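Spelled out from the first residue to the last, the chains are:
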Amino acid sequence: MGSLLFSSNTQWVLLSTTILGIAAGTIGSIAYWKRQNLMSDALSHAALPGVVVAFLLLGEKKLFVLIIGAAISALIGALFIQVIHASSRISEDAAMGMILSIFYGLGVMLLTISNRIVSGNQSGLDKFIYGQAAAMVKTDVFTMLFLALLVILIVFLLFKEWKIYLFDPVFAKGIGLSIKGMNIIYTALLVTTIVIGIQAVGVIMMAALLITPAVSARYWTQSFKMMLLLATFFGGISGSAGTFISAYGSGWPTGPFIVVVASSIFIFSLFFGKEKGILVRHMQFRMHQKKIALQPPGSRQREWNK
Amino acid sequence: MTEQVLTVENLAAAYRKNTVLHDIHFTVNAGSLTGIVGPNGAGKSTLIKTILGLHPALSGKVSFFQSTYEKAKRKIGYVPQRGSVDWDFPTTALDVVTMGLYGQIGWFKWPSRFHKAKAYESLEKMGMADYANRQISQLSGGQQQRVFLARALVQNAEIYFMDEPLAGVDAATERAIMAILKELKAAGKTVMVVHHDLQTVRDYFDHVLLLNRTVIQYGKTDHVFTKENIARTYGGNMRWMGVENQDGLPSIQQ
C-alpha cells in the first residue's frame, strides 16, 4: 500500500489534482459571482464529444491532444448557448440545459462507436466520464500542472479587474475596462480548467469541483479576496484528499472521491460557516430573542424615544 | 462664452423592437446642473447610456470637450442606478469607492495606501466614514447611494452623469446628495441628473432637459420648466395642484 502511495507517479498525480482543485476553486468563485454555476456543468459535459473525436481522428490518448478536442467542443457548446440565448426567447439556463444533454448524449454515442472500432474497451476513453487520475502519465501531469498554474496566475493577476467586472460591469466599461475582453478571458479560463480536469476528475464530476469549493467558501467570509483564497484551499484539499483515497483501491475512479470530499466540506460549511452557517444564524436569532424577552414590554420604545 | 462640455447631435437609440430615442440635439455648458425629466419609458437612462457609449447609438454624434469620448474618458463620471448591481457581492464600502480610482491606478496594478486614503476622504465627504469597512450588503438603500456617489466623486471628473441618485432615499440622504451636487457645480463641474420628482426640479436644478423619446426642450429651468412644456412632455395627463397660481406645482395623474 505504502509503496503505491509513494510511488513517484502517484506523487505527481497527487500534486496535479491538488493544483487542479486550486484552479477550479479560483475560477469557480468567479463563476459563482457571475451567477453562472450551471455554465461549468454545461461546458464540462459539452467537452466529452470533443475528447472522443480527437481520439478517433488522431488515434492518440495524450492529454494534450484530448484537451484540444475537449476545448474546441466546450467552446462550441458555449457559443451555442450564447447564440440560442441571444436569438430566441429561450432563457440562458434553459439553453445551458439543452447543450448539456445534447452534447453529453452525443459524447456517449461517439464513445460507444469508438469502443467498437478500437477493439473492446482498449481506448479507455470511458474513464473520462468518471475520471481516473492514476491513468495519467507524466507528460499528462505536466500539461495539466502548467495549464492549472497559468489559470491561477491569471485569476490572481487580474484580481482587481475581476472584482469590478463582477460587481459593476457597466461602471467598469465606463472607466475603460473591456467587458468583452474580460468575458473572453473568463470563458477561456473556465474552459481550460474544465478540460484539464476531465481526465483526472471526469466530465460529470468536474462541475462539482468548480462549484462546490466556491459555495462552501461563501459560508465563511464577507470578503471577495478571502472567498477566493478559501475556495482555492477547499478545492486543493478536495483534489488531494480525493486522489489519496481513490489510490487505495485499484481502478477506483478519482472524480467521485474528490466530489465526496468537496461535498463534505460544503456540508460542514453549511452548518458551521462563520458568516452564513445555519448554526450561527440560529444562535444569533436566539440571542436576539432572549434580549427581547428580557426587556419589559414598552421599554424599547422608551429607549428609542430618548 | 462658457465652455461647451457636451454636444449631442442627431442621436438615436433603440431596444430590440422600439426606437427609444430619436432626433436628440442639445449642447451643455460647463458649470451647469441639469435635471433630466420625463415620464417612465421616456428614455432617460437610455439617453445617458447612449451618450456614454454603454448602449449602441443608431445614429448621431456625441462630443465631450470638443473631442471624442475616448479622449475625454478620464473627465467623465457615471453613477448608475442603484439597482443595477449585485449588492450581495462580498466587499466593503471603501472597496467600492476605490473602484472609482481603478482608471487612475491602471490595469493589473493593485491600489496603494494613497488610493485607499483618497477613497476614504470621499466617503467622509458623503458622511459615510463610519461605514468604510462595512459590508455593502449591510448598508441601507440611502447609504448604498452615498457610496455610489462617493465613488463618482473620487474619480474627480469634469462632467457627471447620475441615473436617479435620489430614487428611494430618505430626506437626509437627499439633502446630503443635493449639497454635494451644488458643491460640484460651484467648483465649475457639469452635472446631469435623471430626476423624477417634479416638485423639486425648480429648487435643485438650474437647467432642465425635458425628455420624451426626444428632447422636448432644454435650457434654463426658469424658461423651460413651464406648465405647457411639462404638459407636452407628459402627454397632458396632468392634474395641476394650486391652479390659481401660474407657477403652481405640477403633479401627475395617471
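By the naming in an unreviewed UniProt entry, chain B is Metal ABC transporter ATP-binding protein, taken from Tigheibacillus jepli. Within the UniProt record for chain B, the comment given under Sequence similarities (unreviewed entry) is "Belongs to the ABC transporter superfamily."

On to the interface of chain B and chain A. Each partner contributes residues to the interface: chain B has 33 residues there, and chain A has 27 residues. For the pair chain B and chain A, the two sides together bury roughly 2,700 Å², of which 63% comes from carbon and sulfur. Together, Phe89, Pro90 and Trp107 of chain B form the three largest contributors to the area buried by chain B at its contact with chain A, with a combined 24%. The interface formed by chain B and chain A includes 3 salt bridges. With a closest N to O distance of 2.8 Å, Asp168 of chain A and Arg151 of chain B form a salt bridge. Of all the secondary-structure elements, those providing two or more residues to the side of chain B that touches chain A are α3 (93-99), α4 (102-105) and α6 (141-154) of chain B.

Okay, the environment of Lys163 of chain A next. Summarising the element assignment, Lys163 of chain A is placed in helix α9 (residues 159-167). Given the relative accessible area of 7%, Lys163 of chain A is considered buried. Linking Lys163 of chain A and Gly105 of chain A, residues 58 residues apart in sequence, is a C-alpha distance of 36 Å. Beyond its immediate stretch of four places on either side in the chain, Lys163 of chain A contacts Phe224 of chain A together with Phe89, Asp95, Met99 and Tyr102 of chain B.

Another point: unusual backbone geometry. Residue and element names in this part refer to chain B. In this structure, Asn10 takes a positive phi of about 55 degrees despite not being glycine. When you line up the elements, Asn10 lands in strand β1 (residues 4-14). Given a relative accessible area of 34%, Asn10 falls into the partly exposed group.

All names here are of chain A. It is at 3 Å that the axes of helix α14 (residues 255-272) and helix α15 (residues 278-294) come closest, and there the two elements cross at 5 degrees. Judged by the inter-axis angle, α14 sits roughly parallel to α15. Residue-level inspection shows Leu270, Phe271 and Phe272 of α14 in contact with α15, the latter providing Ile278, Leu279 and Val280. A breakdown of the residues in the contact of α14 with α15 according to their chemical character gives 6 nonpolar, no polar and no charged.

The next point concerns the packing of aromatic side chains. Two aromatic rings are characterised by how far apart their centres lie and by the angle between their planes. Overall, the coordinates contain 22 aromatic pairs over all chains when judged by the stated rule. Centroid distance Trp87 of chain B to Phe148 of chain B: 5.1 Å. Interplanar angle 45 degrees. Geometry classified as tilted. Separated by 61 residues along the polypeptide, Trp87 of chain B in the loop between β5 (76-79) and α3 and Phe148 of chain B in helix α6 bring together distant segments of the chain. The residues Trp87 of chain B and Phe148 of chain B share a single accessibility class, namely buried. Aromatic rings pair up to connect Tyr32, Trp33, Phe159, Phe167 and Phe224 of chain A together with Trp87, Phe89, Trp110 and Phe148 of chain B into one cluster. Here Lys160 of chain A stacks its cationic end above the ring of Tyr102 of chain B, 5.1 Å away from the centre of that ring. Geometry around Phe171 of chain A places Arg151 of chain B over its ring, the cationic atom sitting 3.5 Å from the centre.

The method is simple in principle: a probe with the dimensions of a water molecule rolls over the atoms, and the space it marks as empty is what remains. Residues and elements named next belong to chain A. Here the largest pocket is characterised by a volume of approximately 480 Å³. As for the largest pocket, its lining consists of 17 residues, and the residues nearest its centre are Gln36, Met39, Gln82, Asn183 and Thr187. Counting only elements with at least two residues in the lining of the largest pocket, the list comes to α3 (37-46), α5 (63-87) and α11 (179-197). For the lining of the largest pocket, the per-class residue count stands at 9 nonpolar, 5 polar and 3 charged.

The α-helix winds at 3.6 residues per turn, so residues separated by three or four positions along the chain end up facing the same way. Residues and elements named next belong to chain A. Between its first and last C-alpha, helix α8 (residues 138-157) extends 28 Å over 20 residues, near the 28 Å set by a 1.5 Å rise per residue. Within α8, burial applies to Asp140, Val141, Thr143, Met144, Leu145, Leu147, Ala148, Val151, Ile152 and Val155. Contacts made by the buried residues of α8 are with α2 (8-33), α5, α9, α11 and α13 (224-246).

This part is about the nonpolar core. One finds Trp162, Phe167 and Phe224 of chain A together with Leu123, Met162 and Leu181 of chain B to be the most contacted residues of the largest nonpolar core, which totals 142 residues. By residue number, the principal contributor to this core is α2 of chain A, which donates 10 residues. The contact partners of Met162 of chain B, leaving out residues within four places of it in the chain, are Ile48, Val79, Leu149, Leu181, Leu184, Val191, Met192, Val193 and Val194 of chain B. Within the second largest apolar cluster, 31 residues are counted, among which are Val20, Phe26, Ile48 and Val215 of chain B.

Attention shifts here to the sheet that holds β1 of chain B. Residue and element names in this part refer to chain B. Taken in spatial order, the 3 strands of this open sheet run β2-β1-β4, and their pairing is antiparallel. Of all strands in the sheet, those bounded by a partner on one side alone are β2 (19-29) and β4 (59-64). Averaged over all pairs of adjacent strands, the angle between strand axes in this sheet comes to 15 degrees, irrespective of strand direction. Here β1 runs beside β2; their pairing, made up of 7 bridges, is antiparallel. Paired with Ala13 across the two strands is Leu21, which belongs to β2.

Reading the values: rules and limits
Residues numbered from 1 in each chain as written. Chains lettered and ligands numbered in written order. Predicted model: local features only at pLDDT ≥ 70, side-chain atom pairs only at ≥ 80, totals over all residues. Heavy atoms only, no water. UniProt positions renumbered as here; feature names shortened; annotations may be inferred. Contact = heavy atoms within 4.5 Å. Buried area = accessible area lost by both parts, 1.4 Å probe. Salt bridge = Lys/Arg side-chain N within 4 Å of Asp/Glu carboxyl O. Helix = DSSP H or I, 4+ residues; strand = E, 2+ residues; numbered from the N terminus. Buried < 20%, exposed > 50% of the residue type's maximum accessible area, 1.4 Å probe, protein only. Axes fitted to C-alpha atoms, helices over the stretch in contact; angles between N-to-C directions. Parallel < 35°, antiparallel > 145°, perpendicular 65-115°, else oblique. Nonpolar A, V, L, I, M, F, W, Y, C, P; charged D, E, K, R; others polar. Phe/Tyr/Trp six-rings, centres within 6.5 Å; stacked < 30°, edge-to-face > 60°. Lys NZ or Arg CZ within 6 Å of the ring centre and 35° of its normal. 1 Å grid on protein atoms, 1.4 Å probe; cavity = no way out; pocket = protein on both sides within 12 Å on 5 of 7 lines; lining within 4 Å. Points joined across faces, edges and corners; volume = space filled by probe spheres on them. Expected span 1.5 Å × (residues − 1). Core = buried A, V, L, I, M, F, W, Y, C linked by side-chain atoms within 4.5 Å. Pairing = 2+ DSSP bridges.

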